[in-house]
There are 2 protein chains.
Amino acid sequence: MAQTQQVKDLAAARAKTSFPVIDLTRYIHGSDEKIARRKHLASLISNDPDVKQGLAMSLRLYQLKEEHNLTQEEMLVCMDFIDEYLPVSLHESAFIPIIYAQGSDEQAKYWAPLAEKHQIIGCYAQTELGHGSNLSQLETTATLNRDTDEWIIHSTTFTASKWWIGGLGVIATHALIQARLIIDGKDFGAHGFIVPIRSLKDHRPFPGVKVGDIGPKSYGGFAKIDNGFVRFENYPIPRENMLMRFAKVTREGLYVKPPHSKLAYGSMVLLRSHMVRGAALTLARAATIATRYTTVRRQFNVPTSRKDASNPTLETQVINYPMVQSRLFPMIAQVYAILAAGNKMKSMYESMLSELMKGDISSLAEVHAISSGLKSTCTTIAATGVEDCRKIMGGHGYSYFSGISHLWSTYVPSNTYEGDNFLLTQQSARYLLKQVKVATTDPEKVTPFSKYVIKTIDQDAFQAERCSVETVNDWLRPEIQLAAFEHRAGRLVGDLAIAAMQEGMVWSDLNQECWRLCHAHSQYVLARSAVESVANVRDQGTAKETVKVLKRLSDLFALHTIQASLGDYLEDYYVSPSQCQSLRQQIKNLQEALADDVVGLVDAFDFPDHFLNSALGSADGNAYQHLWDAAQKEAINQVEVVDGYKEYIVPILTQYGAAKL
Amino acid sequence: MAQTQQVKDLAAARAKTSFPVIDLTRYIHGSDEKIARRKHLASLISNDPDVKQGLAMSLRLYQLKEEHNLTQEEMLVCMDFIDEYLPVSLHESAFIPIIYAQGSDEQAKYWAPLAEKHQIIGCYAQTELGHGSNLSQLETTATLNRDTDEWIIHSTTFTASKWWIGGLGVIATHALIQARLIIDGKDFGAHGFIVPIRSLKDHRPFPGVKVGDIGPKSYGGFAKIDNGFVRFENYPIPRENMLMRFAKVTREGLYVKPPHSKLAYGSMVLLRSHMVRGAALTLARAATIATRYTTVRRQFNVPTSRKDASNPTLETQVINYPMVQSRLFPMIAQVYAILAAGNKMKSMYESMLSELMKGDISSLAEVHAISSGLKSTCTTIAATGVEDCRKIMGGHGYSYFSGISHLWSTYVPSNTYEGDNFLLTQQSARYLLKQVKVATTDPEKVTPFSKYVIKTIDQDAFQAERCSVETVNDWLRPEIQLAAFEHRAGRLVGDLAIAAMQEGMVWSDLNQECWRLCHAHSQYVLARSAVESVANVRDQGTAKETVKVLKRLSDLFALHTIQASLGDYLEDYYVSPSQCQSLRQQIKNLQEALADDVVGLVDAFDFPDHFLNSALGSADGNAYQHLWDAAQKEAINQVEVVDGYKEYIVPILTQYGAAKL
């Protein structure tokens with residue numbers, strides 16, 4: 001076994017143990033004899049564990065585009081409805097957009113048509129075996145060879161292997177590689193390069209390229225997902241294959257810096273903004289299934305305050321239990337709040353983009369910070385919520401036919417990709433800290449969503465702030481809700497500022513505090529977006545019943561979110577114990593008020609049955625029949641005696657002779 | 001489409017909607033034209049999605065038992081190491097034990113040897129399509145035919161179909177069916193019957209039995225799990241096939257009541273107690289992988305207070321970030337606390353059992369309440385923790401080779417089976433309410449783990465209770481920790497008692513309150529078990545370093561758990577804001593103190609590498625190498641040009657003609 005750094009790290013850590021490990025092994029497993037016997041038993045057991053489907057779907061998608069004369073945008077909607085990561089997903093969603101965004105006009109003119117007609121198929125290769133989050137320490141290099149006018153792409157170490165790259169394992173002919181640009185030994189950091197991987201003649205990898213599939217993932221359901229790895233051995237590509245919209249390298253080997261160092265953030269903002277809306281729609285899908293199924297599932301013939309008294313022989317609908325309402329209804333409220341924030345993000349992104357075109361980068365920092373924070377908060381809410389929906393549904397939730405399992409396993413990696421949800425919180429927190437500084441020197445320059453930091457400057461006044469709720473219904477006043485979110489985020493940013501100034505404090509030691517602050521801020525953005533969207537919808541003259549239900553959802557979102565972190569509001573006496581009581585009461589009132597509308601609220605999401613792919617959540621409510629029908633169609637149920645009967649079952653039944661009954 | 005109750009329920013719910021659904025569909029998806037186009041696009045897309053492996057493993061297991069002369073208990077340990085639900089799992093863990101527990105001595109003598117030599121293979125068929133949690137409303141009936149001295153087993157309705165039954169889809173020859181016992185039209189409720197399903201001659205189902213597989217589940221990884229359904233059409237079985245240890249039916253058709261109505265609870269207690277230890281070992285396994293991997297994973301070259309200064313070129317070990325420590329270390333503490341509670345449960349169960357033998361059922365209620373509560377709390381902690389471990393590991397956590405995905409998907413259903421984790425909380429809460437009543441009349445009869453309810457009787461004194469922490473280190477005093485848990489659970493039980501007495505209050509409307517109380521009580525049981533186990537280990541003369549680290553874990557468990565529900569302690573001023581500060585500080589201190597021991601603490605779990613089945617968590621720390629090696633072994637990497645190249649990739653690349661580069 002190689003003495004890699006990893007081996008050393010673990011050995012070193014183990015060596016620090018302060019106590020005899022065997023003591024605890026005994027504590028857990030019993031006597032030494034038992035431990036030894038257990039090892040022996042373990043040694044007796046040994047476990048040994050179609051890409052084609054994804055390829056077929058990709059081809060069919062392109063054929064549909066042609067047959068039905070779809071636009072590119074419409075084809076992408078179809079791709080969403082396929083509801084699998086196709087081998088060409090990243091080609092469409094990353095390779096092509098990045099060529100436009102980071103390639104020069106000439107490069108885009110050359111490469112984009114090839115890619116759009118999928119005459120070449122690309123992938124985006126950033127992550128390496130040893131580095132995911134930390135872009136600055138990627139180990140793949142692109143070294144300029146002035147003589148041949150080429151970049152030499154090289155995997156400098158074992159951990160430099162590109163890993164996890166969508167589309168690279170099977171289909172990609174080209175990769176957009178992030179590598180450290182090196183000229184004459186000088187390292188200019190990570191840049192993008194278009195790198196041919198497999199021959200267009202026969203799909204064989206080029207010499208110097210070792211490419212393959214990284215093996216099975218936790219997601220994908222029945223379809224295997226195409227995720228690949230690649231290593232380069234001094235592999236040359238033309239100098240012109242560097243993406244040169246911002247930074248450039250000339251024929252003379254001169255590196256030309258980009259005009260702003262953070263221009264590349266623009267595309268991250270776009271991706272993360274998309275993910276906000278994606279979080280809402282994912283949670284919406286799970287909530288649709290859970291709402292419909294718990295409406296038709298009846299269990300226990302006990303009274304609840306919502307039980308239909310007209311037919312006393314029927315059991316109670318599961319959705320009428322407060323424990324179910326208290327888990328499910330806030331999720332529906334979250335969907336609508338996240339949608340509102342997603343719309344807000346989209347318009348902020350668009351106005352930032354038109355400013356950037358004019359060279360104005362003033363809003364980039366806030367938009368980047370908010371999109372990072374919302375990505376973290378919203379994808380966390382959605383993944384957790386999908387799993388909660390499954391549990392709300394009881395046992396049948398674990399059937400593949402529930403439609404939830406596949407949704408969950410496919411969605412949950414979003415909590416890690418495009419910026420790990422925990423790491424991202426540091427960026428938002430750092431941004432808010434800067435706003436505190438701005439507030440002390442130049443308060444009118446504080447950005448729109450950070451205005452609350454101004455109030456923290458006068459600490460005496462700030463600490464005297466109290467929630468002004470007097471009656472249960474005061475909790476329905478948006479200004480009271482938002483003031484609570486502002487106060488809490490303000491307190492946390494103030495605490496962080498104080499901690500950060502302490503003698504000898506190391507910034508990374510504060511990452512728990514950053515995490516708390518970032519989520520507090522994101523929750524504020526969500527609540528404010530929800531409040532504003534209700535006002536907008538009202539101004540547009542929408543039916544008053546609709547405005548009313550959206551207002552209730554906005555209220556439930558705000559109050560449920562406050563309740564979930566009640567300690568934060570109690571800790572500095574901002575909220576009083578009696579306000580806690582009235583908060584809980586108002587949440588119950590809202591749940592009660594929404595109970596007749598939840599089916600309509602999920603119907604509004606407008607998911608086709610085929611897309612929901614759920615026996616339990618189908619629009620007609622005939623859950624048990626669909627579950628039964630789905631099972632009957634299984635191949636295993638088409639034969640009277642199962643496969644493997646003679647091979648395995650007979651030997652088991654007769655190992656000690658046949659039964660004499 | 002049949003007008004089933006479910007169809008009606010959903011239609012009725014939909015009819016109650018107070019607002020025009022289309023308003024919100026437009027809000028979410030845009031114009032009517034967009035909505036229509038989206039529907040059209042959805043219609044363009046259509047998705048159509050080996051039991052043998054499990055059978056082969058089952059046979060091999062039985063062969064190993066024979067070849068190595070294993071005891072039954074040792075074979076079950078081997079089954080754990082196989083780490084899949086085998087088709088024979090429930091035969092071993094339910095069918096055989098229930099025959100002993102619920103069958104008469106004669107029945108056990110007849111059936112058990114057949115089952116133990118697997119000449120017949122059984123399953124346990126309780127859950128139906130329409131009823132899981134609610135045993136009292138099962139719809140399958142067993143009606144006595146006095147003439148033929150037989151039970152007529154019948155699925156009275158569609159939803160009476162038995163569903164989810166482990167082993168029934170493929171392998172079972174017999175089923176232990178729960179059905180309502182009916183004599184002369186009188187319904188005696190659910191009882192157990194041994195019912196032949198498939199012929200021992202050719203494995204074909206008997207006439208009157210419709211049996212099959214329920215289709216794919218969310219768990220099982222690569223192995224398909226055997227879960228079946230069955231319906232009966234007036235299917236006769238001998239009267240003697242009713243399990244008659246407790247209730248009996250004579251040849252004359254006389255129903256003889258069991259001596260105590262709750263005797264059958266005993267086996268539930270046993271199962272749930274096992275699940276407590278199972279929760280600890282599952283979380284231990286995930287924590288082992290995460291601890292080892294984050295020890296060898298390095299990311300970002302930034303200072304942290306634990307960074308090794310001796311080699312400044314190395315990046316920081318991920319485990320040294322406080323955000324990671326604050327998620328991972330409390331999990332290790334949870335493992336040890338749950339183990340302690342599991343041991344406690346085991347000894348409580350054993351003494352209860354010997355009392356039951358003597359006809360003394362006095363401890364049954366407390367043991368049942370605690371085991372229900374712990375099952376709910378501990379399996380929730382473990383499932384959540386396993387998923388957190390995956391996220392702690394970043395992107396590679398989603399590889400199948402991480403070993404976490406399979407663990408999670410296999411474990412998470414435990415939150416629902418053997419009593420839904422939310423429903424179970426009602427039983428514990430109801431029990432504690434009864435203890436309040438006992439405390440007012442007969443305080444010395446309050447059961448050992450409920451003594452704290454006595455303090456709530458004098459409400460003035462109780463409300464004046466305050467946490468006595470003055471310094472950061474006061475938080476390390478077990479009596480202070482336990483007093484906090486007691487106070488909080490006491491307050492919640494007091495609040496529940498008041499709410500339950502309100503005019504017109506419906507019990508099921510209080511299930512959120514029950515849920516809060518039950519977890520508060522379980523957390524107290526866990527913290528107290530941890531504290532007591534440290535004392536026991538100390539008394540046994542274990543090395544003082546070991547006692548020290550166990551004490552730290554016990555402290556971290558208690559303080560982390562308090563912190564996670566801090567609002568509950570602040571809400572009635574029991575804990576003050578400054579105590580919150582010192583609590584957080586002490587948690588940081590404990591994490592710091594444990595940092596050198598965590599690898600040893602997970603090594604102590606003693607999981608063989610083969611069982612962990614994790615490239616990232618292997619004992620040697622060579623994570624990247626193992627990940628690479630595992631990928632290279634994949635079948636897809638053994639060929640130079642992938643399957644499907646000619647069939648799919650060429651048509652994609654050339655749909656618009658081949659590229660001219």
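Remember, it's a predicted structure, so these values are computed and weren't measured experimentally. (Residues numbered from 1 in each chain as written. Chains lettered and ligands numbered in written order. Predicted model: local features only at pLDDT ≥ 70, side-chain atom pairs only at ≥ 80, totals over all residues.)

Summing up its helical and strand segments, chain A has 22 helices and 11 strands in all. Relative to the 2.2 N^0.38 estimate, which gives 26 Å for 661 residues, the radius of gyration of chain A is 29 Å and therefore close to what a compact globule would have. For the C-alpha atoms alone, the extent of chain A along its principal axes is close to 90 × 85 × 70 Å. The buried share of chain A, taken over its 661 residues, is 51%. (Helix = DSSP H or I, 4+ residues; strand = E, 2+ residues; numbered from the N terminus. Rg over C-alpha atoms; globule rule 2.2 N^0.38 Å. Buried ≥ 20, exposed ≤ 12 C-beta atoms within 10 Å, placed from the backbone.)

When chain A is fitted to chain B, the residual RMSD is 0.0 Å, and the transformation amounts to a turn of 180° plus an axial shift of 0.0 Å. In symmetry terms, the pair is related by a two-fold rotation axis. Considering only C-alpha atoms, the residue of chain A closest to the rotation axis is glycine 567 of chain A, which sits at 1.8 Å. (Least-squares fit on C-alpha atoms with pLDDT ≥ 70 in both.)

Before going further, it helps to spend a moment on the UniProt feature "active site" (unreviewed entry) in chain A. Residue and element names in this part refer to chain A. As recorded in UniProt, the feature "active site" (unreviewed entry) lies at Glu418. Locating glutamate 418 in the fold gives a position in the loop between helix H11 (404-411) and helix H12 (421-441). Contact partners of glutamate 418, with chain neighbours within four places excluded, come to Leu271, Arg272, Met275 and Lys375. (UniProt positions renumbered as here; feature names shortened; annotations may be inferred. Contact = placed C-beta atoms within 7 Å.)

Residue and element names in this part refer to chain A. With a phi angle near 35°, histidine 118 is a residue other than glycine that sits in the positive phi range. Mapped onto the elements, histidine 118 comes out in the loop between helix H7 (105-116) and strand S1 (122-125). Positive phi values are uncommon outside glycine, yet asparagine 613 reaches one of about 50°. For asparagine 613, a count of 22 C-beta atoms within 10 Å gives the class buried.

Between chain A and chain B, the contact holds 168 residues from the first and 169 residues from the second. The leading source of residues in the side of chain A that touches chain B is helix H4 (residues 51-67) of chain A, at 8 residues. Tallied by class, the residues present in the side of chain A that touches chain B amount to 87 nonpolar, 52 polar and 29 charged. (Nonpolar A, V, L, I, M, F, W, Y, C, P; charged D, E, K, R; others polar.)

Attention shifts here to the nonpolar core. Core analysis: the biggest nonpolar cluster contains 361 residues, and Ile332 of chain A together with Ile332 of chain B have the highest contact counts within it. In this structure, isoleucine 332 of chain A is in contact with Ala287, Leu553, Val598, Leu601 and Val602 of chain A, ignoring residues within four places of it in sequence. (Core = buried A, V, L, I, M, F, W, Y, C linked by C-beta atoms within 7 Å.)

Along its sequence, chain A is carved into domain 1 (5-44), domain 2 (53-258) and domain 3 (272-303 + 314-600). Here the C-alpha centroids of domain 1 of chain A and domain 3 of chain A sit 44 Å apart. (Domains from an automatic or database assignment.)

This part is about the UniProt feature "domain: Acyl-CoA oxidase C-terminal" (unreviewed entry) in chain A. According to UniProt, the "domain: Acyl-CoA oxidase C-terminal" (unreviewed entry) feature falls on residues 478-653 of chain A. Secondary structure content for residues 478-653 of chain A is 71% helix and 0% strand, and the end C-alpha separation is 69 Å.

Before going further, it helps to examine the packing of helix H16 (residues 544-564) of chain B against helix H18 (residues 577-594) of chain B. All names here are of chain B. For the pair H16 and H18, the least separation of the axes is 10 Å and the interaxial angle reads 145°. Crossing of H16 over H18 shows left-handed handedness. Across from Arg552, Asp555, Leu556, Leu559, His560, Ile562 and Gln563 in H16, the residues of H18 making contact are Leu583, Arg584, Gln586, Ile587, Leu590, Ala593 and Leu594. Taken together, the residues that form the contact of H16 with H18 break down as 8 nonpolar, 3 polar and 3 charged. (Axes fitted to C-alpha atoms, helices over the stretch in contact; angles between N-to-C directions. Left-handed = near helix turned anticlockwise from the far one by under 90°.)

Before going further, it helps to examine the confidence of the model for chain A. Residues and elements named next belong to chain A. Scored by pLDDT, chain A has a mean of 89; 94% of the residues are at 70 or more. A low-confidence stretch, residues 46-51 (pLDDT under 50), is modelled with 13 contacts involving residues beyond four sequence positions or located in other chains. Scored as a whole, the predicted complex attains pTM 0.89, and scored at its interfaces, ipTM 0.86. (pLDDT = per-residue confidence, 0-100.)

Attention now goes to the sheet that holds strand S7 (residues 209-213) of chain A. Residues and elements named next belong to chain A. Spatial ordering of the open sheet is given by S4-S8-S7, a layout of 3 strands whose pairing is antiparallel. Of all strands in the sheet, those bounded by a partner on one side alone are strand S4 (162-166) and S7. Neighbour-to-neighbour, the strand axes of this sheet turn through a mean angle of 30°, independent of strand direction. Summarising the sheet, S7 and strand S8 (residues 227-232) pair through 5 bridges and their orientation is antiparallel. Across the sheet, residue valine 209 finds its bridge partner in S8, namely phenylalanine 232. (Pairing = 2+ DSSP bridges.)

Attention now goes to the pairing of strand S2 (residues 140-145) of chain A. All names here are of chain A. In this structure, S2 lies alongside strand S3 (residues 150-155), joined through 6 bridges in antiparallel fashion. Directly across from threonine 143, in S3, lies its bridge partner isoleucine 152. The hairpin turn running from S2 into S3, its antiparallel successor, is 4 residues long, and aspartate 149 in that turn takes a positive phi close to 60°. Pairing geometry for S2 and strand S5 (residues 174-183), over 3 bridges, is parallel. Counted as the bridge partner of alanine 142 is leucine 181 from S5.

The next point concerns the packing of helix H10 (residues 364-392) of chain A against H12 of chain A. All names here are of chain A. Where H10 meets H12, the closest approach of the two axes is 9 Å, and the angle between their N-to-C directions is 145°. For the pair H10 and H12, the sense of crossing is left-handed. Of the residues in H12, those touching H10 at Ala365, Ala369, Ser372, Gly373, Lys375, Ser376, Thr379 and Thr380 are Asn421, Leu424, Thr425, Gln427, Ser428 and Tyr431. Among the residues making up the contact of H10 with H12, the classes are represented as 4 nonpolar, 9 polar and 1 charged.

Turning our eyes to something else, we now look at H10 of chain A. Residue and element names in this part refer to chain A. Between its first and last C-alpha, H10 extends 41 Å over 29 residues, near the 42 Å set by a 1.5 Å rise per residue. With 23 of 29 residues buried, H10 is to be regarded as a mostly interior element. Looking one or two places after H10, you find glycine 394, whose phi comes out positive at around 70°. (Expected span 1.5 Å × (residues − 1).)

Attention now moves to the environment of phenylalanine 188 of chain B. Residue and element names in this part refer to chain B. Note that phenylalanine 188 resides in strand S6 (residues 186-196). Between the C-alpha atoms of phenylalanine 188 and glycine 359, which are 171 residues apart in sequence, the distance is 24 Å. Ignoring any residue separated from it by four or fewer positions in sequence, one finds phenylalanine 188 in contact with Leu181, Ile183 and Tyr255.

A word on the sheet that holds strand S7 (residues 209-213) of chain B. All names here are of chain B. Strand order in the open sheet formed by 3 strands is S4-S8-S7, with antiparallel pairing between adjacent strands. Two strands bound the open sheet, and with one partner strand each, they are strand S4 (162-166) and S7. Geometrically, the sheet is characterised by an average inter-axis angle of 30° between neighbouring strands, direction not taken into account. Relative to strand S8 (residues 227-232), S4 runs antiparallel, the two sharing 3 bridges. Bridged to isoleucine 165 within S8 is glycine 228.

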